[in-house]
Amino acid sequence: MNPIVQAIGGQQRITRKSTACIPVHNGIQKTSDQLTKCLYHNHKHGFYQTFSDCFELGAITQGLGFMYLFGDNTKDPISPDPRWRYVDMKACLLIPISVSMT
């Protein structure tokens, strides 16, 4: 199975695209542009590598993987840098909630 997982993960790393926010209502183009700039800033801090790890280690092998965003205070305690971490599905406790729409 490992060669198949490596082939799919390698294909995803080669063909991954950047993310952008697209407005769904009129008049929010400026907000959408600001959110896109925030995403690009996060991408400079290891987002792509963590996203690919999450895809390969989580989605391909287990069917589900999570990413965790946290603030790293090591360089600047006032304004922390955004960092991303892969969280294994087996390290999470999922509690199903039933919602009644009556």
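The structure displayed is predicted, hence computed values, not measured ones. (Residues numbered from 1 in each chain as written. Predicted model: local features only at pLDDT ≥ 70, side-chain atom pairs only at ≥ 80, totals over all residues. Heavy atoms only, no water.)

1. A look at the packing of aromatic side chains
The description of an aromatic ring pair rests on the distance of the ring centres and on the angle between the ring planes. Per the stated rule, a full pass over the model turns up four aromatic pairs. Each ring, one from Tyr68 and one from Phe70, has its centre 5.7 Å from the other, and the planes form 15°; the classification is stacked. Classification of Tyr68 by relative accessible area gives partly exposed; the value is 42%. Feature note: the residues Phe47, Tyr48, Phe51 and Trp84 constitute an aromatic cluster, connected by ring pairs. Directly above the aromatic system of Phe70 lies the positively charged group of Arg85, at a separation of 4.3 Å from the ring centroid. (Phe/Tyr/Trp six-rings, centres within 6.5 Å; stacked < 30°, edge-to-face > 60°. Buried < 20%, exposed > 50% of the residue type's maximum accessible area, 1.4 Å probe, protein only. Lys NZ or Arg CZ within 6 Å of the ring centre and 35° of its normal.)

2. Things to note about the environment of Cys54
With respect to the secondary-structure elements, Cys54 resides in helix α2 (residues 29-60). A residue is classified by how much of its surface remains accessible, and Cys54, at 8% relative accessible area, is buried. When the C-alpha atoms of Cys54 and Ile28 are compared, they prove to be 31 Å apart, with 26 residues separating the residues in sequence. If near-sequence neighbours (up to four positions away) are discounted, Cys54 is found in contact with Ala59, Gly65, Phe66, Met67 and Tyr86. (Helix = DSSP H or I, 4+ residues; strand = E, 2+ residues; numbered from the N terminus. Contact = heavy atoms within 4.5 Å.)

3. Description of the packing of helix α1 (residues 2-15) against α2
It is at 10 Å that the axes of α1 and α2 come closest, and there the two elements cross at 150°. Comparing the axis directions of α1 and α2 gives the class roughly antiparallel. Of the two possible hands of crossing, α1 and α2 adopt the one that is right-handed. Facing Val5, Gln6, Ile8, Gly9, Gln12 and Arg13 of α1, the residues of α2 in contact are Gln49, Phe51, Ser52, Asp53, Phe55, Glu56 and Ile60. (Axes fitted to C-alpha atoms, helices over the stretch in contact; angles between N-to-C directions. Parallel < 35°, antiparallel > 145°, perpendicular 65-115°, else oblique. Left-handed = near helix turned anticlockwise from the far one by under 90°.)

4. Quick word on α2
Taking 1.5 Å per residue, 32 residues should reach 46 Å; α2 reaches only 35 Å between its end C-alpha atoms and comes up short. Maximum bend of α2: about 75°, positioned at Lys44. Buried within α2 we find Ser32, Thr36, Asn42, His43, Phe47, Thr50, Ser52, Cys54, Glu56 and Gly58. Of the surrounding secondary structure, the elements contacted by the buried residues of α2 are α1, β1 (66-72) and β2 (81-87). (Expected span 1.5 Å × (residues − 1). Bend = angle between axes of the 7 residues up to and from the residue.)

5. Concerning a nonpolar patch on the surface
Taken together, the side chains of Leu93, Ile95, Ile97, Val99 and Met101 present a nonpolar region at the surface, about 700 Å² in accessible area. Looking at the element boundaries, Met101 is found in the segment after β2. (Patch = residues over 30% accessible without salt bridge, like charges linked within 9 Å, V, L, I, M, F, W, Y side chains within 5 Å. Areas by Shrake-Rupley, 256 points an atom, 1.4 Å probe, with all protein chains shown as cover. Salt bridge = Lys/Arg side-chain N within 4 Å of Asp/Glu carboxyl O.)

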